[in-house]
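Observations on chain architecture
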Amino acid sequence: MGFYDLSKEARAILVEEIHQAIARNIAEGETPAILSYFSNEDTYIRKAGYLAMGRIYMAQEDQRENIKAQLLKLLKSHNEKVRQTTINAAGEIGKYHFEAVSIFFDKGLFDPHHSVRNAVIGSLKKMGQKNPGPTLAWAKGYLNHPDKEIRREVCHGIELRGRTHPQDVLPLLEVLQDDATARVKNTLVHVLGQISYKKGCLETVIRTLAAWENKELVAKAIDEIVDVHHRYKNFSALTQQQAIRYIDENYWKEHQGTN
């Protein structure tokens, strides 16, 4: 029976059972319960496991080094679900103590399985939102990495912070404006669209893009920004027509003939 096949009350009981079992394993220096939950086929059981690990880390300061040591062992598992859940657990910790778990993302970025690398992206999103300083500083160090997939993943990972604070991620994104790889460039354009539609964000993004040198890339980004204002019309601060008008008045009038 899956997690969401249970009643709300039964789910709450199960979550508490998972928390207690993981806490006992941590105290005893063992991992059988942790492994059982981290490798479960049900994604919501795994989520309950990594959320429990994050909460225990925050609540039990005397167990933090022990938790980190256990997670490092779990990261070596042959099971990609265990490695994926371990990265997600590190992401919960990194929302408040990034420096303690940065090594997990250094390793996870290069994991052979896509689900583990995707967990790095997801963790970067939540850590960047909650703990942007060290998270974005770490991300900056990978934006010139020779592996195009590393650049793409990190670009994608800093998106969530940019949705509310585009000024924090735009200097990092600028590094990628001349990237020769289509997948990286397409991700960059996507992210620029995603950080443009909330209140006050379009103005920041357009003002910044006006100073970028790659006008061809900027033109593609503007097309995406306009499209996002239609696709997300129920969530956008401006209508698509208002966005077009703003871009016309604050970008195109100044840059006609520069593409």
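As a reminder, the structure under discussion sits directly above these lines.
To keep things clear, this report deals only with the structure shown in the data block. (Residues numbered from 1 in each chain as written. Predicted model: local features only at pLDDT ≥ 70, side-chain atom pairs only at ≥ 80, totals over all residues. Heavy atoms only, no water.)

What follows is about the environment of Gly 108. With respect to the helices and strands, the residue Gly 108 is situated in helix α6 (residues 98-108). A relative accessible area of 2% means that Gly 108 is categorised as buried. Note: C-alpha distance between Gly 108 and Gly 54 (54 residues apart in sequence) is 18 Å. Those residues in contact with Gly 108 that lie beyond four places of it in its chain are Ile 87, Val 116, Arg 117 and Val 120. (Helix = DSSP H or I, 4+ residues; strand = E, 2+ residues; numbered from the N terminus. Buried < 20%, exposed > 50% of the residue type's maximum accessible area, 1.4 Å probe, protein only. Contact = heavy atoms within 4.5 Å.)

The next subject is the packing of aromatic side chains. Applying the stated criterion across every chain yields a total of ten aromatic pairs. A ring pair is formed by Phe 3 and Tyr 44, whose centres lie 6.4 Å apart and whose planes are at 25°; its orientation type is stacked. Here Phe 3, found in the segment before α1 (8-28), pairs with Tyr 44, found in helix α3 (residues 43-59); they are 41 residues apart in sequence, far enough to count as distant. By relative accessible area, which is 40% here, Tyr 44 ends up partly exposed. Pairing Phe 98 with Trp 138 gives two aromatic rings, centres 6.2 Å apart and planes at 65°, and the pair type is edge-to-face. Of this pair, Phe 98 sits in helix α6 while Trp 138 is found in helix α8 (residues 132-140), placing the two residues 40 residues apart along the sequence. Relative accessible area serves as the criterion here: at 3%, Phe 98 is assigned to the buried category. Residue classification places Trp 138 among the buried residues on the basis of a relative accessible area of 11%. (Phe/Tyr/Trp six-rings, centres within 6.5 Å; stacked < 30°, edge-to-face > 60°.)

Quick look at the packing of helix α5 (residues 80-94) against α6 now. Contact pair α5 / α6: the axes reach a minimum separation of 8 Å and the direction vectors enclose 150°. In terms of their interaxial angle, α5 and α6 are classed as roughly antiparallel. Between α5 and α6 lies a crossing of left-handed hand. Residue-level contacts link Thr 86, Ile 87, Ala 90, Gly 91, Ile 93 and Gly 94 of α5 to Phe 98, Val 101, Phe 104, Phe 105 and Gly 108 of α6. In the contact of α5 with α6, the residues fall into seven nonpolar, four polar and no charged. (Axes fitted to C-alpha atoms, helices over the stretch in contact; angles between N-to-C directions. Parallel < 35°, antiparallel > 145°, perpendicular 65-115°, else oblique. Left-handed = near helix turned anticlockwise from the far one by under 90°. Nonpolar A, V, L, I, M, F, W, Y, C, P; charged D, E, K, R; others polar.)

So, on to the pattern of salt bridges. Applying the stated criterion across every chain yields a total of twelve salt bridges. In this structure, the salt-bridge partner of Glu 92 is Lys 126, at a minimum N-O distance of 2.8 Å. With Glu 92 in helix α5 and Lys 126 in helix α7 (residues 114-130), the pair connects residues that are 34 residues apart, well separated along the chain. Put simply, Arg 161 and Asp 168 hold a salt bridge, and the shortest N to O gap is 2.9 Å. Note on Arg 161: relative accessible area 13%, which makes it buried. Taking the relative accessible area as the measure of exposure, Asp 168 reaches 26% and is therefore partly exposed. (Salt bridge = Lys/Arg side-chain N within 4 Å of Asp/Glu carboxyl O.)

Within the largest apolar cluster, 72 residues are counted, with the highest numbers of intra-cluster contacts made by Ile 22, Leu 173 and Leu 192. Of all the elements, α3 adds the most residues to this core, at seven residues. Once you skip the residues sitting within four places of it in the chain, Leu 173 turns out to touch Cys 155, Ile 158, Leu 188, Val 191, Leu 192, Ile 195 and Trp 212. (Core = buried A, V, L, I, M, F, W, Y, C linked by side-chain atoms within 4.5 Å.)

Time to look at the packing of α7 against helix α9 (residues 148-157). Where α7 contacts α9, the axes come no closer than 8 Å and their chain directions differ by 35°. Remark: the crossing between α7 and α9 carries right-handed chirality. Contacts between α7 and α9 involve Arg 117, Ile 121, Leu 124 and Lys 125 on the former and, on the latter, Glu 153, Val 154, His 156 and Gly 157. Partitioned by chemical class, the residues of the contact of α7 with α9 number three nonpolar, two polar and three charged.

Functional significance is not addressed by these values, which are geometric in nature.
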